[in-house]
Structures are given as C-alpha cells and as structure tokens.
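Residue-level listing of the chains:
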Amino acid sequence: MTNRFRAALFAIAAFATSNAALAHTHLIASTPAANASVAKPTAISLSFSETVMPEFSGADVVMTGMPGMANHQPMKLSGLKASWSADGKTLTLVAGRAFPVGSYQVTWHAAGADTHRMQGDFTFSVK
C-alpha cells in the first residue's frame, strides 16, 4: 500500500467520522409552530430530524403570560401525557383540555443515536 493511498483512506475515514458527529438531532417542526398564535390547542407536537432515544428526550411547557395579569409568574404545566410516534421522531404532549388563553414557552431536549443531547425552546400564544 502506498503512502498516498493510505493518506487518501485516512482522509476519507476522517471526513466520514466528522460528518457523523455533526448529525445531531434537531427540531424540524412543531404544532403549534414557533411564534404562532392559535385557538384552543389540546396538544403540542414536536418533530425531530432523526429517531430519538425517548429515555433521554422530552419537553416542558410553561405558561409565561396570561391576559389581565401583568405580573403573571411562569407556571409549568403538569399532567401532559407524552407519547412518541412509531418511527421515534415525533413527541406529542396531550392536555386533558384546551390550553387557556395566554403565552407559552416549550423547552425541549433530545438525543439521537449519537447520544449527544440537543436542546432548544420556542414560544407560541393561545388567543
């Protein structure tokens, strides 16, 4: 094997490894969408770029504002039922009833096959 051939193999292996490391899980869509104003949703859906590991992934929802209450303290919503799609790419959080009028922040975290935890957040409002 020539040195030039070995160098080429090394470069290909390094390139393939670096691309795999960059393939982290990302949120690609949500319902409600980021910054949307929606009427009476009963669920929040988060779609990721790849199959995630449910045991290392999830989301929290916080009500950050309520009409008529200028000093509304952020209030984490409890009782949301979480379920994953069959392909492991979509998390759905279902409430027992429609979300009240106000503003919300969704904070998510997800880990794919590379086990690297990614996280982010977005807001939406209910009219």
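Every value quoted in this text rests on a predicted model; they were computed, and no experiment measured them. (Residues numbered from 1 in each chain as written. Predicted model: local features only at pLDDT ≥ 70, side-chain atom pairs only at ≥ 80, totals over all residues. Heavy atoms only, no water.)

Draft legend 1. Here's a closer look at the overall build of the protein chain. Along the protein chain, the regular secondary structure elements total 1 helix and 9 strands. Counting the 127 residues in the protein chain, one finds 28% classified as buried. If you take every contact in the protein chain between residues at least 6 apart in sequence, the share linking residues at least 24 apart comes to 62%. Accessible area for the protein chain stands at about 7,900 Å²; split by element, carbon and sulfur atoms hold 60% of it. (Helix = DSSP H or I, 4+ residues; strand = E, 2+ residues; numbered from the N terminus. Buried < 20%, exposed > 50% of the residue type's maximum accessible area, 1.4 Å probe, protein only. Contact = heavy atoms within 4.5 Å. Areas by Shrake-Rupley, 256 points an atom, 1.4 Å probe, with all protein chains shown as cover.)

Draft legend 2. A look at the environment of Lys 76. With respect to the helices and strands, the residue Lys 76 is situated in strand 5 (residues 75-76). You can call Lys 76 exposed: its relative accessible area is 54%. In this structure, Lys 76 is in contact with Asp 60, Val 61 and Val 62, ignoring residues within four places of it in sequence. A polar contact is formed between the side chain of Lys 76 and the side chain of Asp 60, at a distance of 3.4 Å. (Polar contact = N/O pair within 3.5 Å; in protein donor to acceptor, adjacent residues only side chain to side chain.)

Draft legend 3. Representation of the pattern of salt bridges in the model. For the structure shown, the criterion picks out 1 salt bridge. Asp 60 serves as the salt-bridge partner of Lys 76, at 3.4 Å between the closest nitrogen and oxygen. With Lys 76 in strand 5 and Asp 60 in strand 4 (residues 58-65), the pair connects residues that are 16 residues apart, well separated along the chain. Under the relative-accessibility criterion, Asp 60 is labelled partly exposed at 35%. (Salt bridge = Lys/Arg side-chain N within 4 Å of Asp/Glu carboxyl O.)

Draft legend 4. Broad picture of the side chain of Thr 25. Position of Thr 25 relative to the elements: it lies in the loop between helix 1 (3-22) and strand 1 (27-31). Within the structure, the side chain of Thr 25 is placed 3.1 Å from the backbone nitrogen of Gly 112, a separation counted as a polar contact. Discounting chain neighbours no more than four positions away, the residues touching Thr 25 are Phe 48, Ser 49, Glu 50, Val 52, Ala 110, Ala 111, Gly 112 and Met 118.

Draft legend 5. Structural detail: the pairing of strand 4. Burial analysis of strand 4 places 6 of its 8 residues in the buried class, the great majority of the element. In this structure, strand 4 lies alongside strand 8 (residues 102-111), joined through 7 bridges in antiparallel fashion. Looking across to strand 8, one finds that Gly 58 is bridged to His 109. Bridging between strand 4 and strand 5 involves 2 bridges; their strand directions are antiparallel. The residue bridging Val 62 from the neighbouring strand is Lys 76, located in strand 5. (Pairing = 2+ DSSP bridges.)

Draft legend 6. The arrangement of the pairing of strand 6 (residues 81-84) in detail. Pairing of strand 6 with strand 7 (residues 90-94) involves 4 bridges; the strand directions are antiparallel. Bridge pairing links Trp 84 to Leu 91 in strand 7. From the end of strand 6 to the start of strand 7, which pair antiparallel, there are 5 residues, and Gly 88 there has a positive phi angle of about 75 degrees.

Draft legend 7. A look at the packing of aromatic side chains. Here the structure, examined in full by the defined rule, presents 5 aromatic pairs. Ring centres of Phe 99 and Tyr 104 lie 5.4 Å apart, and the angle between their planes is 80 degrees; on these two criteria the pair is classed as edge-to-face. Neither Phe 99 nor Tyr 104 differs from the other in exposure class; each is buried. Three or more aromatic residues link up through ring pairs in this structure, and these residues are Phe 48, Trp 84 and Trp 108. (Phe/Tyr/Trp six-rings, centres within 6.5 Å; stacked < 30°, edge-to-face > 60°.)

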